[in-house]
Amino acid sequence: MAELLKEQEETQKWGMVIDMDICSGCQACVTACSMENNVPFVGEDEMAYGRGLQWMRIRRYWEGEYPEVTPTHQPMLCQQCGSAPCEPVCPTFASVHSQEEQINVQVYNRCIGTRYCANNCPFSARVFNWFDYETPAPMNSYLNPDVSVRRRGIMEKCTFCVQRIVHGRQQAAAEGREVEDGDIVPACAQACPTDAIVFGDLSDPESKVSKMSRSDRAFKELEELGTQPKVIYLKGGKSYGG
Amino acid sequence: MKPNVPWWQRGSIRISIVLVLLILVGGAGVGIYYTQAPPEQPIPFPHNFHVGIGAECMYCHTGAATGPSAGLPTTNKCWGCHQQLEPRNENLKLVASFAENEESIPWVPVALQPDFVKFNHQPHITAGVSCETCHGDVASMTVAEPQPRHNMGWCLDCHQKMSTPEDFVRLSDCATCHY
């Protein structure tokens, strides 16, 4: 087991830190994510049916006993597990682990929509395209050409903006250098007004994200399941720091 | 009295079977032909001619060395040379009319991958893969011709041949081409 954990440590690459102390729950990341990744906005009714399409969502929950309740929130997205429950259950190998980037990739053209993966995801991070949603003009001109437009019947989820990762890697290779910390920024981190979301390379101990992940406030969601999430939350509650 | 022949020896049945087969084979043949034949272009642009007079591929397809898509030349680029040439035939007159109306020429795509494939010219050109390896001998074609069997196996075969096993992990990663 210890060996296994050590191997997991060594193979990890991209990771994200979300500081819940400064996250204000403004949903800018949710919007930016949908714009970057051609995720359609499905509207209120579909959302109520539980067919919402959001790769990133702000979970709201209540803390305390009635009547002393306070709402809190937490951004939730695919945790890019090192040992992902969604991968072994896919009958078509559409949900696979990227050896190069150490993230979970969803190969849309391989996916036939059995939804096993979503049912096995402890974070409910995967969303299913129940319908083809029309993007009303002029928003159809905003579609990102670097990301495939998915059809209905396909499972999708946060990719850590893999198009930006690949672009950053190719850009660095073209300039004959290594990818540097801060070269690659996913849409959510870019849009975050308080810089609560930080993205980077966990295998580099000097990167910003590695340093933050060593904070004593750091924890991983459902860590006891042993899925090795790559998203690290910094505990909030406004009781830490100044 | 009716002659006693088995049904499969009757002339009418045999003729109809042959007809059905002909239609199927013919249809398949036409189908295959249309997917392999170059599509009709607004102007039959002769590559052989232009490459023959010394124009570099990258003079017209400027993006190939620097970005994902190679790009097609603007009408202005044609006009740069053709303004000085006498429009002596129909095709040259077409070029002139597009240029004078300041319209872009609606070229029909030939080399095309599906939407879910993210191809990038730049790393290939940097690695020294020549245009001919993938697009055929364009220098001797009149209009650009589609190349057969440009499927995933073709990409991966070459990636395996041209890289070390360590690099092949990256070059065969689904996330490199599909997202």
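Refer to the structure presented above.
Below is a summary of the structure that appears in this document. (Residues numbered from 1 in each chain as written. Chains lettered and ligands numbered in written order. Predicted model: local features only at pLDDT ≥ 70, side-chain atom pairs only at ≥ 80, totals over all residues. Heavy atoms only, no water.)

Residue A:Tyr66 is joined to A:Pro67 through a cis peptide bond whose omega torsion reads 5 degrees. You can see A:Pro67 is positioned in the loop between β2 (57-63) and β3 (70-76). Residue A:Pro138 is bonded to the preceding A:Ala137 through a cis peptide linkage, with omega at 5 degrees. Within the secondary structure, A:Pro138 is located in the loop between β6 (127-128) and β7 (155-156). Here A:Gln228, not a glycine, exhibits a phi torsion of approximately 60 degrees, which is positive. One non-glycine residue, B:Arg149, lies in the positive phi region at around 55 degrees. Mapped onto the fold, B:Arg149 is located in the loop between α7 (131-135) and α8 (152-161). Judged by relative accessible area, B:Arg149 falls into the exposed class, the value being 67%. (Helix = DSSP H or I, 4+ residues; strand = E, 2+ residues; numbered from the N terminus. Buried < 20%, exposed > 50% of the residue type's maximum accessible area, 1.4 Å probe, protein only.)

Let us look at the layout of surface pockets. Residues and elements named next belong to chain A. Put simply, the second largest pocket is a space of about 350 Å³. Along the wall of the second largest pocket there are 16 residues; nearest its centre are Gly50, Gly52, Ser124, Arg126 and Val127. Put simply, the parts of the chain that give the lining of the second largest pocket at least two residues each are β2, α4 (116-119) and β6. Each residue belonging to the lining of the second largest pocket can be placed in one class, and the counts come to 7 nonpolar, 5 polar and 4 charged. (1 Å grid on protein atoms, 1.4 Å probe; cavity = no way out; pocket = protein on both sides within 12 Å on 5 of 7 lines; lining within 4 Å. Points joined across faces, edges and corners; volume = space filled by probe spheres on them. Nonpolar A, V, L, I, M, F, W, Y, C, P; charged D, E, K, R; others polar.)

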